[in-house]
Amino acid sequence: MERKLMSGNEAIARGAYEAGVRFAAAYPGTPSTEVLEFAATYDEIHAQWAPNEKVALEEGIGAALAGSRALVAMKHVGLNVAADPLMTASYVGVNAGLVVVVADDPGMHSSQNEQDSRQYARFAKVPLIEPADSQEAKDFLKLAYEISEKFDTPVILRSSTRISHAQSLVILAGRHEVPIRPYEKNIAKRVMMPAFARPRHVAVEERLQKLAQYAEDTPLNMIEWRDTKIGVICAGISYQQVREALPEASILKLGLSYPLPQQLIREFAEVVEELYVVEELDPFFEEQIKAMGIKVRGKELFPMTGEIHPNLIAEKILGRPLAEKLEVPAWEEEPVPTRPPVLCPGCPHRSVFYVLKKLKLLVSGDIGCYTLGALPPLDAMDSVICMGASISAGLGYEKGNPELKGKIVSVIGDSTFFHSGLTGLMDVVYNQGSTLTIILDNRITAMTGHQDNPGTGYTLKGEPTVALEIGPICKALGVKRVREVDPYDLPALEAAIKEEVAAPEPSVIIARRACALLDKSPKTALNIDPEKCKVCNSCMRLGCPAIVKTEDKVTIDAALCVGCGVCVQVCKFNAIVKAGGEND
Amino acid sequence: MTKTTSILMGGVGGQGIVLASKLLAHVIQAHGKELKISEIHGMAQRGGSVLTYIRYGDEVASPIIEVGQADIILASEKLEAWRWLPYLRQGGIMICSTQEIKPMPVITGAQKYPEKILEKLQELAAAGKLGALYAINALAVAKHCGEPKAANVALLGLLAHCLEFPLQSYLEALEAVVPEKYLEVNKNTFLLGYQTLMRQQ
Ligand SMILES: Cc1ncc(C[n+]2csc(CCOP(=O)(O)OP(=O)(O)O)c2C)c(N)n1
């Protein structure tokens, strides 16, 4: 049988194809991004980027009510944005199946927090499904649609970095064509106002009872009997880590992990001598199992933070590590330098942070590549909370401390502005703030790997579409002072920032230049003339990875330099010049 | 469970670790093994450390490799070889490129690029802690063949000596994975990498 090596995300998209899904929407976010990118490769699936996760889920709800199987994908924090529709979609139910794929990031490989999204299943009273590898990601997703339709509920399929970004072999199947279900109007079930919502809440509680019954028999939950001395309850990636660490142990593997199969858990607990729960982040299973009156060990052994790896499991449960360490005395002597991500050579964001630092302004930051402006040597950011918070928190800074007025700059990327910046900017106008908002318009959603957004003029499927213009949007929101600057033009940028931050009314600067990684025009690297260079280190303050300092001189790495020319404008001695494009 | 082979590939964003792991995956799959590949590429494009775990055997549970567990490390940069060294098991093999890419804290002078990494690795090998140490300037090999971005393919040539699969499987993988336009260069780079070891021995 042919098997294909697939990441969890690719397998989820394949599952959507095989399950007859017709509509998929998402906002990108690591580690969930590729779900929609792969879904878009199937002609049968209408896949689209939404400006944010709330919009994506609402679109999915609409598509499912209209009669098409629908998939919505997001990273864990995206579900916070989409939480409002989720909570009530639970009451409304579906017509055709609706699955919300959420990818957690224990260990925060690429996130601002490590919340445990399983809590949302309990919170919204919807079933939770957790695959443990790519094959399961595909197969469980198909089952999720059956559950969604059988129980009339949205279903959450929860992945994590080690599922979404790990590849394993998958047996493929064909597409099961699911016709569009007939649309029927049903006001009492779908218009959630108090009189109609009350009976729907009762229906949700009944549904949960039925799902709990279903959890006892579903093939998604199973006991693997091995030695009964040690028994472990686990789901998702933790199943693989437990198998690695304790190949002899019996395992109750949960695939449908909310609501819990109480009877199955009791059976398992009665047979095994020692019962453990291994789960990353919150004691989600553990607390529920303890509430059943069952003695189980979990978080007394394992951390609430980060990933839980096989070595730790073996150490805590067997009392010995899996592997012997390689003794490397020299390794312990001096710290190994870290290799943090940096703004790329030629990144149009760099000069903005250089100027903000120079002018000593308070920078209310946001999430994107530009968050790297918070790192040395730029250090030009005061806070970063969640997507969209820059503009609204900036207004809060102004209202919360009058002394800060006139020094506050909110910095936000183009994709983030479309995601959730508009309402904040509206409020700066409405509540008569005077903050400066700099929109870093690099014409793409760069951070997550260059996805299109409402400003780029292309859809997820690569079709041309309307490109929304940020300037007119800001004006329509009531900002009178809106201007555009090329961030490569340092004097113009500095002058604009000085002027606009001092203005007694809301102002917007759109720093517009395409992401350096997407600019394919020929590049001529720059060179430092050692005769003229006084090693004053001015250019080093840009934090450009192409500018390298050795003991007594500063040089430019021609292989990295894209010749943006920002450093030329910083040098007081005219030492930086165009080289002849030597590439070594 | 029978023994799984664990290979850790470490490098710097933009160095093309992904191609090397794809090629190796193709070889492993062609021999009917189970395999899992785990990639951390969150902010890789921005010049951060990139890390790929490849595990194969008759059965593979965990997709990750922990400290002391890698049978082989393939590092496309010297500092990255040093960074991931503790992940090697006693007697494991270190394959590394002698290329040096300075990270930002070194560029700004906040931290120092460790000195004598190669010498220290050689000492470990001499003390019998490493099963073998293969260090070449993979970038130079790749440049010589005409495509600096293929440096990791040269390292794959070294790796081919350490695994149980025949040379032919790697050439087939190259043919299946690399676009026609770049095939010749990549094949040459792979073979030159492969031959460096025969010359060393
Ligand atoms: C609610 C939420 N959704 C998604 C993400 C993942 N994410 C972080 S930044 C970003 C996009 C940034 O794009 P943009 O604002 O254009 O900045 P750029 O990276 O291009 O500089 C995304 C999708 C997130 N952190 N939070």
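Computed from a predicted model, the values in this text were never measured in an experiment.

## Quick notes on the sheet that holds strand β9 (residues 222-224) of chain A
All names here are of chain A.
Argument step 1. One open sheet holds the 4 strands; their spatial order is β9-β11-β10-β13, and the pairing between them is mixed. For this open sheet the edge positions go to β9 and β13 (274-277), each flanked by a neighbour on one side alone. Taking the axes of each pair of neighbouring strands and ignoring which way they run, one obtains an average angle of 20 degrees across the sheet.
Argument step 2. Bridge count between β9 and strand β11 (residues 249-254): 3 bridges; the pairing is antiparallel. Paired with Glu224 across the strands is Ile251, a residue of β11.

## What to know about the sheet that holds strand β7 (residues 155-160) of chain A
Residue and element names in this part refer to chain A.
Argument step 1. Judged by pairing direction, the sheet is mixed, and its 7 strands sit side by side in the order β3-β2-β4-β5-β7-β6-β12 without closing on themselves. Across the chains shown, the open sheet's two edge strands, defined by having one partner strand only, are β3 (46-49) and β12 (256-258).
Argument step 2. Pairing geometry for strand β5 (residues 98-104) and β7, over 6 bridges, is parallel. In the strand pairing of β7, Val101 is matched with Leu157.

## Here's the deal with the site of the ligand
Residue and element names in this part refer to chain A.
Argument step 1. For the ligand, the set of nearby residues contains 26 residues, the closest of which are Glu53, His349, Asp414, Thr416 and Ala446.
Argument step 2. Glu53 is positioned with one of its side-chain polar atoms (N or O) 2.6 Å from a nitrogen atom of the ligand.
Argument step 3. Take Ile444: an N or O atom from its main chain is 3.1 Å from an oxygen atom of the ligand.
Argument step 4. Protein contact buries 98% of the 590 Å² of open area that the ligand shows by itself.
Argument step 5. In this structure the site holding the ligand corresponds to the second largest pocket.

## Some thoughts on unusual backbone geometry
Residue and element names in this part refer to chain A.
Argument step 1. Cis geometry is adopted by the peptide bond preceding Pro259, which originates at Tyr258 and carries an omega value of -5 degrees.
Argument step 2. With respect to the helices, strands and loops of the structure, Pro259 is situated in the loop between β12 and α12 (262-271).
Argument step 3. The phi torsion at Asn537 lies on the positive side, around 75 degrees, for a residue other than glycine.
Argument step 4. Its place among the elements puts Asn537 in the loop between β19 (526-528) and β20 (547-550).

## A few points about the confidence of the model for chain A
Argument step 1. Mean pLDDT over chain A: 96, with 99% of residues reaching 70 or higher.
Argument step 2. Per-element confidence in chain A ranges from a low mean pLDDT of 75 for helix α15 (residues 329-333) of chain A to a high of 99 for β5 of chain A.

## Details of empty space enclosed by the protein
By rolling a water-sized probe across the atoms, one finds the places where empty space is left.
All names here are of chain A.
Argument step 1. Applying the stated rule across the entire model yields 7 cavities of 30 Å³ or more.
Argument step 2. Put simply, the largest cavity is a space of about 130 Å³.
Argument step 3. If you go around the largest cavity, you meet 16 residues; those closest to its centre are Glu130, Arg158, Ala235, Ile237 and Ser238.
Argument step 4. Those elements that provide at least two residues to the lining of the largest cavity are β7 and α11 (237-245).
Argument step 5. Looking at the lining of the largest cavity element by element, the count peaks at 3 residues for β7.
Argument step 6. Considered class by class, the residues forming the lining of the largest cavity number 7 nonpolar, 4 polar and 5 charged.
Argument step 7. Two domains each put at least three residues into the lining of the largest cavity: domain 1 (3-178 + 190-217) and domain 2 (221-323).

## Some points on the state of the cysteines
Argument step 1. Evaluation of the coordinates by the stated rule reveals 0 disulfides over all chains.
Argument step 2. No disulfide involves Cys539 of chain A; its sulfur sits 6.5 Å from that of Cys533 of chain A, the nearest cysteine.

## With respect to the domain arrangement of chain A
All names here are of chain A.
Argument step 1. Along its sequence, chain A is carved into domain 1 (3-178 + 190-217), domain 2 (221-323), domain 3 (348-512) and domain 4 (526-578).
Argument step 2. Here the C-alpha centroids of domain 1 and domain 3 sit 32 Å apart.
Argument step 3. With 20 residues of domain 1 at the contact, the number on the domain 3 side is 15 residues.
Argument step 4. Taken together, the two surfaces of domain 1 and domain 3 that pack against each other cover about 1300 Å², and 60% of this comes from carbon and sulfur.
Argument step 5. Considering only the side of domain 1, the residues that lose the most area to domain 3 are Tyr27, Trp49 and Gln112, jointly responsible for 39% of the buried surface there.
Argument step 6. Put simply, domain 1 and domain 3 have 0 salt bridges between them.
Argument step 7. Here domain 1 and domain 3 share 7 residue pairs in polar contact (both at pLDDT 80 or more) between them.
Argument step 8. Elements supplying a minimum of two residues to the side of domain 1 that touches domain 3: α2 (34-39) and β3.

## Examining a negative patch on the surface
Residues and elements named next belong to chain A.
Argument step 1. Where like charges cluster on the molecular surface, the negative patch consists of Glu324, Glu327, Glu332 and Glu333.
Argument step 2. Position of Glu332 among the secondary structure elements: in helix α15.
Argument step 3. On the accessibility criterion, Glu332 (62% relative accessible area) is exposed.

## A closer look at the interface of chain A and chain B
Many descriptions give the size of an interface as the accessible area lost when the pieces come together.
Argument step 1. The interface is formed by 58 residues belonging to chain A together with 59 residues belonging to chain B.
Argument step 2. Regarding the contact of chain A and chain B, the summed buried area is about 5000 Å², with carbon and sulfur atoms giving 58% of it.
Argument step 3. Among the residues of chain A in contact with chain B, Leu326, Pro337 and Arg339 of chain A are the three that bury the most area, contributing 18% of the side total.
Argument step 4. Counting the contacts that link chain A with chain B gives 5 salt bridges.
Argument step 5. Taken together, chain A and chain B are joined by 17 residue pairs in polar contact (both at pLDDT 80 or more).

## A few points about the packing of aromatic side chains
Residue and element names in this part refer to chain A.
Argument step 1. Counted by the stated rule, this structure contains 11 aromatic pairs over all chains.
Argument step 2. With a centroid separation of 5.3 Å and an interplanar angle of 65 degrees, the aromatic rings of Phe151 and Tyr214 are classed as edge-to-face. Of this pair, Phe151 sits in helix α7 (residues 134-151) while Tyr214 sits in helix α10 (residues 194-217), placing them 63 residues apart in sequence. As far as burial versus exposure is concerned, Phe151 and Tyr214 are alike and both buried.
Argument step 3. With centroids separated by 6.1 Å and ring planes inclined at 50 degrees, the aromatic side chains of Tyr258 and Phe284 adopt a geometry described as tilted. On the criterion of sequence distance, the pair formed by Tyr258 in strand β12 and Phe284 in helix α13 (residues 284-291) is long-range, its members being 26 residues apart. Note on accessibility: Tyr258 and Phe284 belong to one class, buried.

What counts and what doesn't
Residues numbered from 1 in each chain as written. Chains lettered and ligands numbered in written order. Predicted model: local features only at pLDDT ≥ 70, side-chain atom pairs only at ≥ 80, totals over all residues. Heavy atoms only, no water. Pairing = 2+ DSSP bridges. Helix = DSSP H or I, 4+ residues; strand = E, 2+ residues; numbered from the N terminus. Axes fitted to C-alpha atoms, helices over the stretch in contact; angles between N-to-C directions. Near = heavy atom within 4 Å. Polar contact = N/O pair within 3.5 Å; in protein donor to acceptor, adjacent residues only side chain to side chain. Areas by Shrake-Rupley, 256 points an atom, 1.4 Å probe, with all protein chains shown as cover. 1 Å grid on protein atoms, 1.4 Å probe; cavity = no way out; pocket = protein on both sides within 12 Å on 5 of 7 lines; lining within 4 Å. Sits in = over half its atoms within 2 Å of the grid points. pLDDT = per-residue confidence, 0-100. Points joined across faces, edges and corners; volume = space filled by probe spheres on them. Nonpolar A, V, L, I, M, F, W, Y, C, P; charged D, E, K, R; others polar. Domains from an automatic or database assignment. Disulfide = S-S within 2.5 Å. Contact = heavy atoms within 4.5 Å. Buried area = accessible area lost by both parts, 1.4 Å probe. Salt bridge = Lys/Arg side-chain N within 4 Å of Asp/Glu carboxyl O. Patch = residues over 30% accessible without salt bridge, like charges linked within 9 Å, V, L, I, M, F, W, Y side chains within 5 Å. Lys, Arg positive; Asp, Glu negative; His and termini not counted. Charge placed at Lys NZ, Arg CZ, Asp CG, Glu CD. Buried < 20%, exposed > 50% of the residue type's maximum accessible area, 1.4 Å probe, protein only. Phe/Tyr/Trp six-rings, centres within 6.5 Å; stacked < 30°, edge-to-face > 60°.

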